[in-house]
Amino acid sequence: MLISFAAAVVALAHHASAHATVFHVSVNGKDQGDGVDKYIRSPGNNEPITDLADPALVCNVKGGTEVGSSVKAAAGDKLTFHWWHYNPDDPNDFPLDDSHKGAVLTWIANYTSSDPTGPIWSKLAEEGFEGGKWATMKLIEKKGAVEFSLPKALAKGKYLIRQEIIALHKADGPGGDPATDRGAEFYPSCAQFEISGDGGKVPDQDFDFNKDYKYDDKGLFFNLYIPFDKYTPPGPRPWKG
Ligand SMILES: *[C@@H]1O[C@H](CO)[C@@H](O)[C@H](O)[C@H]1NC(C)=O
């Protein structure tokens, strides 16, 4: 009796400590259905990544290798990634804890069936702090939905699109030292796409998360608890095609 009660408490605690991940994607408002382990390289667990050298910083999966299908979309389409905390079918669940204030960035890379680490990524979209609101607050208001558009000029082909929440609630100190428990928390999620269109532009920013994100980047080491004028997300400005 005691053991099963303890197990139930552990199970609850586990659920309560889970964090946001992407469960499905829409193309021009049309839901593409459950993507977990189908077209999304889903994490075994969705705990945040805090170590910038960890390959899981890219897709939150150790060895984020390919899954069975890809979402079909066209250059210029409007895409929506749908985030949820634990279970999108549970009416008592929510997209993200509102203490987790921060940025939401979207990136693209040529398709690779293997772990998509290395200098292959270009930024497609970014939302930081605008009009007095963090991107994560907008994500919560929109029930986990984050929208962005594919550039019309994007060349057809297979791609990976990675969206990440960068939570800054502990970023008043730089990351990199587990003893201090400070630094940005990353929640990345990667989905597979097959893009059509007659554009000819290939994303070319060659960004490498494990090398180009730095603990002292102003977008990652940022105190949101004191007044500030401006927040600039880490990485280059978005590629427009
Ligand atoms: C992506 O693929 C295109 C077309 O094959 C190629 O021209 C380009 O160099 C590739 N980009 C990267 C970063 O490898």
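The protein chain is annotated in an unreviewed UniProt entry as lytic cellulose monooxygenase (C4-dehydrogenating) of Chaetomium fimeti. Word for word, the UniProt comment on the protein chain under Catalytic activity (unreviewed entry) is "[(1->4)-beta-D-glucosyl]n+m + reduced acceptor + O2 = 4-dehydro-beta-D-glucosyl-[(1->4)-beta-D-glucosyl]n-1 + [(1->4)-beta-D-glucosyl]m + acceptor + H2O."

1. Focus: the sheet that holds strand S1 (residues 21-27)
Taken in spatial order, the 4 strands of this open sheet run S2-S1-S4-S9, and their pairing is antiparallel. Every other strand in the sheet has two partners, leaving strand S2 (30-34) and strand S9 (145-149) as the edge strands with one partner each. Ignoring which end each strand starts from, the neighbouring axes of this sheet average 30 degrees apart. In this sheet, strand S4 (residues 78-84) lies alongside S1 in antiparallel orientation, the contact comprising 6 bridges.

2. Some remarks on the pairing of strand S11 (residues 185-196)
Sheet faces and side chains relate simply in a regular strand, where the side chains alternate between the two faces. Among the 12 residues in S11, 10 count as buried, and that is most of the element. Where strand S3 (residues 71-74) meets S11, 4 bridges bridge the pair, whose relative direction is parallel. Each bridged residue has a counterpart across the sheet, and for Ala73 the counterpart in S11 is Ile195. Pairing of strand S10 (residues 157-167) with S11 involves 11 bridges; the strand directions are antiparallel. The residue bridging Glu164 from the neighbouring strand is Pro188, located in S11.

Basis of the calculations
Residues numbered from 1 in each chain as written. Predicted model: local features only at pLDDT ≥ 70, side-chain atom pairs only at ≥ 80, totals over all residues. Heavy atoms only, no water. UniProt positions renumbered as here; feature names shortened; annotations may be inferred. Pairing = 2+ DSSP bridges. Helix = DSSP H or I, 4+ residues; strand = E, 2+ residues; numbered from the N terminus. Axes fitted to C-alpha atoms, helices over the stretch in contact; angles between N-to-C directions. Buried < 20%, exposed > 50% of the residue type's maximum accessible area, 1.4 Å probe, protein only.

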